[in-house]
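# Observations on the three-dimensional arrangement
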Amino acid sequence: DPLDKERPLNANSPAARDVRHVLHGYVELKAQRESLPTVITAGEGIYVKDENGTPYIEAASGMWCTSLGFGEEELVEAAAEQMRKLPYYHTVGYKSVNPAIDLAEKLAEMAPIKDARVYFALSGSEANDALVKFIRYYNNAVGRPQKKKFIARHNGYHGATVATTSLTGIPINHVAFDLPLPGFLHTTDPHYLHHAHAGETREAFAERLARELDEMIEKEGPDTVAAFMAEPITGAGGVIIPPEPYYEKVQEVLKKHDVLFLDDEVVNGIWRTGKLWGAETMGIAPDTMTVAKGLTSAYQPLSALILSDEIYRGMEKGSLGVGFFAHGQTYSGHPVSCAVALKVLEIIETRDIGGHVGRVSPTFARRLQKLGEHPLVGDVRCKGLIGAVEFVADKKTGRLFDPSGVVARRIKERAESAYKLITRNVPSGDSIAFSPPLIITESEIDEVFDRFEKAVNDVMGELAREGAIAA
Ligand code: PLP
């Protein structure tokens, strides 16, 4: 296999050694052997540096997570202090640790769920996976063992475990992994540009999607459907912001059929959408919330699953029935992760990060809207400091590129290689997402979009020369 030959380039560089031994997620494995990764070695504020010392703007916050930016000493100190005091103890059985107690109390105060209970895991996937188990346990406990199906949405992303890949509605996550599991269904994603019928208003579109959900539940049998899971604003699946009155109508449908609303706040939560929770931004009263990413600004892995009192009490009843709640993890409530999260929440309050997002997000929105005027752009979407731009083959008709994704990937790569700007491709036509650290300033936002526009114009020039679009 010629790909197995030693690279002529410095074969002992970190990048070359990476290619020999690190299995990466979300790559074409064979192409990966030929393309060296960018090895990131340092970070400060909204910037990261590669191994040659070249700075990049991180306009995606890594994986939508480094909300307070890089090099935040107070977080480093909080972790070190906790490690010195108690690097580890667990919350299994009848043991606990102070940082987990403090954080659970704080999250229960912050969540729009009365008398909430909090379960800790280490990633968004693990928390959502635990949630699937907890909802099963709950419905068994309250005497309706047939109420077990989960409905999520096409293009929603909820994780990478077997159960959470099943909740995820992105086809490429399913094919070749024999997923989704039975009992996991998907309804239309609320992306108006892609799914509206000709002449359909945004409002009529929102109402139709809620009706479709109603019909799906009726067809499956309301007694068999346990829960509906959604990100208030779909993140990784394309930054999709449903038009009103989508959530109002969806919640009416769920109430009617006694189906729980499981709110995935992994990307939306902690001020990303301009309010503390995506639920607040979008008018949702959830039964559960999953929080991760921005909770620790990614300085430590941590996720929190916030459950309503009703669900918790049901589970408690079950535990009395079967005698035991047989679920737990070595690192649940890890004191170092919880100490870092507590410090993140403290910084958010003392530095008024929510207020800062409110002050800078109009600049973010203005620069995205300006991009919307570009001949290659068919749609822009944003709330707070999450946004996306979608490129189309024909601006007038909204015709998408076919095959989809190639143009966005090319623009993303150009922005990174030529202009040192990191963004994220999202699998919604040809979309590129922005979710910069929440500490970004207005002039830094301008810098992000100045660099991005250059990349868009470069690629547009190339597409015109190649005859892929009208010159
Ligand atoms: N839920 C949402 C909305 C996400 O965006 C992600 C990850 O991107 C997850 C869950 C899974 O989180 P993790 O990658 O930490 O397992």
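Everything discussed here concerns the structure shown above.
Residue numbers here run from 1 along each chain, matching the order of that chain's written sequence. Reporting of local features is limited, given that this is a predicted model, to residues whose pLDDT is at least 70; pairs of side-chain atoms are given and counted only at 80 or more, and all residues count toward the totals for whole chains, interfaces and linings.

## Considerations on the overall build of the protein chain
By definition, any uninterrupted DSSP run of H or I lasting at least four residues is a helix, any uninterrupted run of E lasting at least two residues is a strand, and each is numbered from the N terminus. When helices and strands are tallied, the protein chain shows 17 helices and 15 strands. A globule of 471 residues ought to have a C-alpha radius of gyration of about 23 Å, and the protein chain, at 23 Å, matches this closely. By sequence separation, contacts in the protein chain at least 24 residues apart represent 70% of the contacts at least 6 residues apart. Here the globule rule is a power law, 2.2 Å times the number of residues to the power 0.38, and the radius of gyration is based on C-alpha atoms. We call two residues in contact if the C-beta atoms placed from their backbones are at most 7 Å apart.

## Concerning the packing of helix 16 (residues 406–419) against helix 17 (residues 442–466)
Angular values range over 0 to 180 degrees, each being the angle between N-to-C directions of two axes fitted as lines to C-alpha atoms, with helices fitted over their stretch in contact. Where helix 16 contacts helix 17, the axes come no closer than 9 Å and their chain directions differ by 125°. With respect to helix 17, the element helix 16 is oriented oblique. For the pair helix 16 and helix 17, the sense of crossing is right-handed. Each of Val 407, Arg 410, Ile 411, Arg 414, Ala 415, Ala 418 and Tyr 419 in helix 16 lies in contact with helix 17, whose residues at this interface are Arg 451, Phe 452, Lys 454, Ala 455, Val 456, Asp 458 and Val 459. We call two directions roughly parallel when the angle between them is under 35 degrees, roughly antiparallel when it is over 145, roughly perpendicular when it lies between 65 and 115, and oblique otherwise. Crossing chirality is assigned from the near helix's rotation relative to the far helix, an anticlockwise turn below a right angle marking it left-handed and a clockwise turn marking it right-handed.

## Focus on the site of the ligand
Each residue gets a C-beta atom placed from its backbone. Should that atom fall within 6 Å of a molecule or strand, the residue is termed near it. Lining the immediate environment of the ligand, one finds 16 residues, of which Ser 123, Gly 124, Ser 125, Gly 159 and Val 266 sit closest. Of all the elements, helix 6 (residues 124–141) adds the most residues to the shell around the ligand, at three residues. Among the residues forming the shell around the ligand, the class breakdown is seven nonpolar, seven polar and two charged. The residue classification treats Ala, Val, Leu, Ile, Met, Phe, Trp, Tyr, Cys and Pro as nonpolar and Asp, Glu, Lys and Arg as charged. All others, Gly included, are polar.

## With respect to the sheet that holds strand 4 (residues 117–121)
In short, DSSP must find at least two bridges between two strands for them to pair. Taken together, the seven strands give an open sheet; going across it, the order is 4-10-9-8-7-5-6, and neighbouring strands pair in mixed fashion. Each having just a single partner strand, strand 4 and strand 6 (184–187) make up the two edges of the open sheet. Strand-to-strand twist of the sheet, defined as the mean angle between neighbouring strand axes without regard to direction, takes the value 20°.

## A short note on the nonpolar core
In terms of nonpolar packing, the biggest core is built from 134 residues, with Leu 305 and Ile 306 touching the most fellow members. Look past the residues within four positions of Ile 306 in its chain and what remains in contact with it is Leu 107, Ala 111, Ile 113, Ala 116, Val 118, Thr 288, Met 289 and Val 291. Core membership is restricted to buried Ala, Val, Leu, Ile, Met, Phe, Trp, Tyr and Cys residues, and these are joined into a nonpolar core through C-beta atoms within 7 Å. In this scheme every C-beta is placed from the backbone, and a residue whose C-beta has 20 or more other C-beta atoms within 10 Å is buried, one with 12 or fewer is exposed, and one in between is partly exposed.

## Some points on the environment of Tyr 331
Counting through the fold element by element, Tyr 331 comes out in the loop between helix 13 (309–322) and helix 14 (335–350). Here the alpha-carbon distance between Tyr 331 and Ala 176, two residues 155 residues apart in the chain, equals 31 Å.

## Comments concerning unusual backbone geometry
In this chain, Glu 244 is followed by Pro 245 through a cis amide linkage whose omega measures 0°. Tracing the chain through its elements places Pro 245 in the loop between strand 7 (225–230) and helix 11 (246–256). Going from Asp 402 to Pro 403, the amide bond is cis rather than trans, its omega being 0°. Within the secondary structure layout, Pro 403 lies in the loop between strand 12 (386–391) and helix 16.

## What about the pairing of strand 11 (residues 377–383)?
Of all the seven residues making up strand 11, six are buried; the element is thus mostly covered by neighbouring parts of the structure. Where strand 11 lies against strand 12, six bridges are found, and the strand directions are antiparallel. By the bridge assignment for strand 12, Arg 381 is matched with Ala 388. If you look at the hairpin formed by strand 11 and strand 12, you'll find two residues sitting between the two strands, and Gly 384 has a positive phi there, around 55°.

## Considering the packing of helix 6 against helix 13
Across the interface, helix 6 lies against helix 13 with an axial gap of 8 Å and an inter-helix angle of 70°. Comparing the axis directions of helix 6 and helix 13 gives the class roughly perpendicular. Here the hand of the crossing between helix 6 and helix 13 comes out left-handed. Residues Phe 134, Tyr 137, Tyr 138, Asn 140 and Ala 141 of helix 6 touch helix 13, and the partners they reach there are Ile 311, Gly 314, Met 315, Lys 317, Gly 318 and Gly 321. Partitioned by chemical class, the residues of the contact of helix 6 with helix 13 number six nonpolar, four polar and one charged.

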